[in-house]
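Analysis of the macromolecular model
Here are the chains, one letter per residue:
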Amino acid sequence: MEEMVPPSSPLGHNKKKEEETWEFSRQDETLIMHWISMCTMRRGQSTEILLFVERLQKIRVVYARNPPDAFANCLRFPQLQPNLACPFPGYTLEMMGQIAAYAGYDVEPVLSQNIVGSLDWGTRLSNDTWVGVLGMLANDTADVACLMYQRTDLRDQYFDFSYPLTNVQPIYVVREKTQDIGSILWNAFKPYSTVTWLVIVGSFITQVLVLIGISRVEKDLGMRKRFRPFEVFWQCIQLQLDEHSEDMNFFTIAGNIVMFFCALLQSGFLIKLYEGLLLSALLAPPSTNPFKNADGLIQLIGKGQYHLVTNYMGNWYFDDLVNSNDPHFVSLRAATANNPVVLAKSVSDALDMVESGPYVYPIQEDSLAMQMSKERCNLVYVSDGLPQVGSYFVFQNKSRFLKSMNTAIIMNSDMIQHTFSKYFREGYKIGNIPKCTQIVDTSNPEIVSKPLNMASTVGIFTLGAIGIAISTVVFFVEIYIFLHNRVLESHRKTRAAMAKNLLTLGRLYFTEIHDGVALGRLAEIIDKTLAQNELEEDDDSRENSPDKY
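Residues numbered from 1 in each chain as written. Predicted model: local features only at pLDDT ≥ 70, side-chain atom pairs only at ≥ 80, totals over all residues. Heavy atoms only, no water.

An unreviewed UniProt entry lists the protein under the name Solute-binding protein family 3/N-terminal domain-containing protein, from Mesorhabditis belari.

1. A closer look at the pairing of strand E11 (residues 359–364)
Put simply, side chains in a regular strand alternate between the two faces of the sheet. This is how it is decided: The buried label applies to any residue whose accessible area, calculated with a 1.4 Å probe on protein chains only, is under 20% of its type's maximum; exposed applies above 50%, and partly exposed to all values in between. A run of DSSP states H or I qualifies as a helix once it reaches four residues; a run of E qualifies as a strand once it reaches two. Both are numbered from the N-terminal end. Should DSSP find at least two bridges between two strands, the strands are taken to pair.
Among the six residues in E11, five count as buried, and that is most of the element. With two bridges connecting them, strand E9 (residues 307–310) and E11 associate as parallel partners. The partner of Leu-308 across the bridge, within E11, is Val-360.

2. Notes on the sheet that holds strand E10 (residues 342–343)
What holds strands together in a sheet is hydrogen bonding between their backbones, with the strands either parallel or antiparallel. Taken together, five strands build an open sheet; the order of strands is E10-E9-E11-E8-E12 and the sheet is mixed. The open sheet has two edge strands with one neighbour each: E10 and strand E12 (379–382). As defined by bridge partners, strand E8 (residues 170–175) adjoins E11 across five bridges and the pair is classed as antiparallel. Within E11, the residue paired with Val-173 across the bridge is Tyr-361.

3. Let's talk about the packing of helix H3 (residues 91–103) against helix H16 (residues 413–424)
Filter applied, for reference: Lines fitted to C-alpha atoms define the axes here, with helix axes fitted over just the stretch in contact, and angles between the N-to-C directions of these axes take values from 0 to 180 degrees. When an angle is under 35 degrees it counts as roughly parallel; over 145 it counts as roughly antiparallel; between 65 and 115 it counts as roughly perpendicular; any other value is oblique. Each crossing gets its handedness from the near helix: less than a right angle anticlockwise from the far helix is left-handed, clockwise is right-handed. Every residue pair with non-hydrogen atoms within 4.5 Å of one another is taken to be in contact. Classification convention: Asp, Glu, Lys, Arg as charged; Ala, Val, Leu, Ile, Met, Phe, Trp, Tyr, Cys, Pro as nonpolar; all other residues, Gly among them, as polar.
Two elements in contact, H3 and H16, have axes separated by 10 Å at closest approach and are oriented at 165 degrees. For the element pair H3 / H16, the angle class is roughly antiparallel. Relative to H16, H3 is oriented so that their crossing is right-handed. In this structure, H3 uses Tyr-91, Glu-94, Met-95, Gln-98 and Ile-99 to contact H16, whose residues at the interface are Met-415, Ile-416, Thr-419, Phe-420, Lys-422, Tyr-423 and Phe-424. Class assignment of the residues belonging to the contact of H3 with H16 gives a composition of eight nonpolar, two polar and two charged.

4. Comments concerning the UniProt feature "transmembrane region" (unreviewed entry) in the protein
The condition is simple: UniProt positions are given in the numbering used here, feature names are shortened, and annotations may be inferred rather than shown by experiment.
With numbering matched to this structure, UniProt assigns "transmembrane region" (unreviewed entry) to residues 195–217, 250–271 and 458–483. Along residues 195–217 one finds 100% helix and 0% strand; the C-alpha atoms at either end are 33 Å apart.

5. Considering the pattern of salt bridges
What counts here: Salt bridges, as used here, are contacts in which a Lys or Arg side-chain nitrogen is within 4 Å of a carboxyl oxygen on Asp or Glu.
What the rule picks out here adds up to eleven salt bridges. Of the charged contacts, one joins Arg-60 and Asp-143 as a salt bridge, the two residues approaching to 2.9 Å between their closest N and O atoms. Of this pair, Arg-60 sits in strand E1 (residues 58–63) while Asp-143 sits in the loop between helix H4 (133–138) and strand E5 (144–149); the two residues are 83 residues apart in sequence, bridging distant segments of the chain. As far as burial versus exposure is concerned, Arg-60 and Asp-143 are alike and both buried. Each of Arg-60, Asp-140 and Asp-143 takes part in salt bridges that share partners, so that together they form one network.

6. Quick word on the packing of aromatic side chains
Under the convention used in this document: Centre distance within 6.5 Å is the pairing criterion for rings of Phe, Tyr and Trp, where only the six-membered ring of Trp is used; planes under 30 degrees apart are then read as stacked, over 60 as edge-to-face, and the remainder as tilted. In this scheme, the term charge over a ring applies when either NZ of a lysine or CZ of an arginine sits within 6 Å of the ring centre and within 35 degrees of the ring normal.
Following the criterion strictly, the structure yields 21 aromatic pairs and no others. Consider the rings of Trp-121 and Tyr-149, whose centres lie 5.2 Å apart with planes at 80 degrees: the pair is edge-to-face. Here Tyr-149 lies in strand E5 and Trp-121 lies in the loop between strand E2 (106–111) and strand E3 (123–124), a separation of 28 residues in the sequence. Summarising the burial analysis for this pair, Trp-121 and Tyr-149 share the class buried. Judged by centre distance (5.8 Å) and plane angle (85 degrees), the rings of Phe-161 and Tyr-392 are edge-to-face. Here the residue Phe-161 occupies a position in strand E6 (residues 160–161), and Tyr-392 occupies one in strand E13 (residues 389–395), the gap between them amounting to 231 residues. In this structure Tyr-392 comes out as buried when scored by relative accessible area, which is 14%. Residue placement shows Arg-151 over the ring face of Tyr-392; its charged tip is 5.6 Å from the ring centre. Geometry around Phe-227 places Arg-216 over its ring, the cationic atom sitting 5.2 Å from the centre.

7. Examining the pairing of E8
Of all the six residues making up E8, five are buried; the element is thus mostly covered by neighbouring parts of the structure. Where E8 and E12 come together, four bridges link them in antiparallel fashion. Its bridge partner being in E12, Val-173 is matched across the sheet by Tyr-381.

8. A look at the nonpolar core
Looking at soluble globular proteins, one finds that nonpolar side chains tend to be buried together. What counts is decided by this rule: By convention a nonpolar core is built from buried Ala, Val, Leu, Ile, Met, Phe, Trp, Tyr and Cys residues, the set being connected through side-chain atoms within 4.5 Å.
Counting 54 residues, the largest nonpolar core has Ile-99, Tyr-172, Phe-393 and Met-405 as its most contacted members. In terms of residue count, H3 provides more of this core than any other element does, six residues in total. In this structure, Trp-121, Trp-130, Leu-134 and Leu-147 belong to the second largest nonpolar core, which totals 19 residues.

9. Details of the state of the cysteines
The following threshold applies: In this description, the term disulfide denotes a pair of cysteine sulfurs within 2.5 Å.
By the definition in use, this model includes one disulfide. Shown here is the disulfide that connects Cys-74 with Cys-86, its sulfur atoms set 1.6 Å apart. Of the two residues, Cys-74 sits in the loop between E1 and H3 while Cys-86 sits in the loop between E1 and H3, which places them twelve residues apart along the sequence.

10. With respect to empty space enclosed by the protein
Definition in use: Two kinds of site are reported from a 1 Å grid over the protein atoms alone, namely cavities, where a 1.4 Å probe fits but cannot get out, and pockets, open sets with protein on both sides within 12 Å along at least five of seven lines, and residues are called lining when an atom falls within 4 Å of a point. Grid points are joined across faces, edges and corners, and a volume is the space filled by probe spheres set on the points.
Following the criterion strictly, the structure yields two cavities of 30 Å³ or more and no others. For the largest cavity, the calculated volume is near 410 Å³. Lining of the largest cavity is provided by 27 residues; of these, Trp-121, Tyr-312, Asn-315, Gln-364 and Ser-367 occupy positions nearest its centre. Going through the elements one at a time, E5, helix H11 (316–323), E11 and helix H14 (368–373) are the ones with two or more residues in the lining of the largest cavity. At four residues, the largest contribution of residues to the lining of the largest cavity is made by E11.

11. Here's the deal with helix H7 (residues 194–220)
Basically, it comes down to this: What a helix should span is 1.5 Å times the count of its residues minus one.
In this model H7 runs 39 Å from its N-terminal to its C-terminal C-alpha over 27 residues, within 8% of the 39 Å that 1.5 Å per residue would give. Of all the residues in H7, the buried ones are Ile-200, Ser-203, Phe-204, Gln-207, Val-208, Leu-211, Ile-212, Ile-214, Ser-215 and Glu-218. Just beyond H7, the residue with positive phi is Gly-222, at close to 85 degrees.

12. Here's the deal with helix H8 (residues 229–240)
Which entries qualify depends on this criterion: When we speak of the arc, we mean the arc of directions from the helix axis to the C-beta atoms.
With twelve residues, H8 extends 17 Å between its outermost C-alpha atoms, agreeing within 8% with the 16 Å of an ideal straight helix rising 1.5 Å per residue. Within H8 the residues assigned to the buried category are Val-232, Gln-235, Cys-236, Leu-239 and Gln-240. What you see down the axis of H8 is that its buried residues fit within an arc of 145 degrees, all on one side. Structural note: H8 exposes Phe-230 and Trp-234 on the side pointing more than 90 degrees away from its buried face.

Encoded structure:
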């Protein structure tokens, strides 16, 4: 009797479709099971058919000891579901267990014989073969890897990727910048950036020059008695500090308009806004990041001040560094042309290099490197300028499990997000967290309301001390100049008086010699000369006295 072979089953495929890959949904497998049960009822039980059915229900999964994907400290490995003894078995373990169960597959573990920190995620050799975890998929040892991968053009050619499970944030880990007195002194200037401060100073200088020019024109027009540019300058300083001087008056409409906008811009807007931002700047802890964003790192790498380090050159970040046309990777590729990436033996070795020298380790928030870095002190994290990337399960090329597993991933999206938040968002202390100095969280109202300490305000006191020191030096210089000019003026007047007296005496000597009348005239002339000198001194003192406008 002819064998009963359903047209849609893999046993009935024709030769033209030998190379195609089978993809079964749960409905397809139910039909196959129903057909097989009919066959066994008619012809007896077949061992080959039962083995085929058992294989349809199993999925071979690679598990690697790689926290936080899979922790190795539970009693049984792999532990796919959390329990009281092992509440954090690993976030990919939890997700894979739930997704495989929803899809109706029995998991057949395939263990990677790696130690924590030395996992080979998968490397393509020169003979077009793969080793590591991806090698297990390529040589049909397993069907899927229980690890989160990122898509690259190279991996797309050899493997299938699932529907994206999560988005993760790439992060640079680097040794924190040592605090010096300079960084603390600048606390009071944090509300504005350097460019903003330069614009404020430039605007102030421009306004002072315009007001000095207007006062000069007013002097030429006869509206002002004297032209004193330094006095205008100090009056602008007072206006800048919201201390308007009563003597700061202008007699032209243009001068008053300029003074109005000067007061509105400099005193009204910028200073009031600065006062509002100053408190938060003083409360905020000093920045310990050696660079602010990815562009800042690229500049430092280009100058040779920092170096990139990694333990796995097959990581998606370094694959994109070689092949991507994204502006970030194009700029970084140019910077690393003369400053190549340093390869470390393991994650631990890479972190040791970061702690000991000017190295930057590109990682991501769900990686083992991130987990191990949190077990150390004096490391900071910079993610500004780095876009988020998707995370995927990787399957064999043309995998028959892809369709049903993608459906399970979509239907369990809430569970996936909950599991991801459990491990990376909710603040659970996973691993050996050291007792490092805690960073101040300025979003906490209790911390924001604390009194200012000396470290926060030392910049203000230092600025005041510098001002007092400068004023003291200038004060003594002014006293010296005043006394020196007074002595010179006294000498000048003495020489002038002596010259006049000698000149008068000489005239008398040659005109009226030894005449008693001439001696009387000489005494009279000397008295008149002294009186004239006193009048000249009084005139000089009145000229040097300050006059109001």
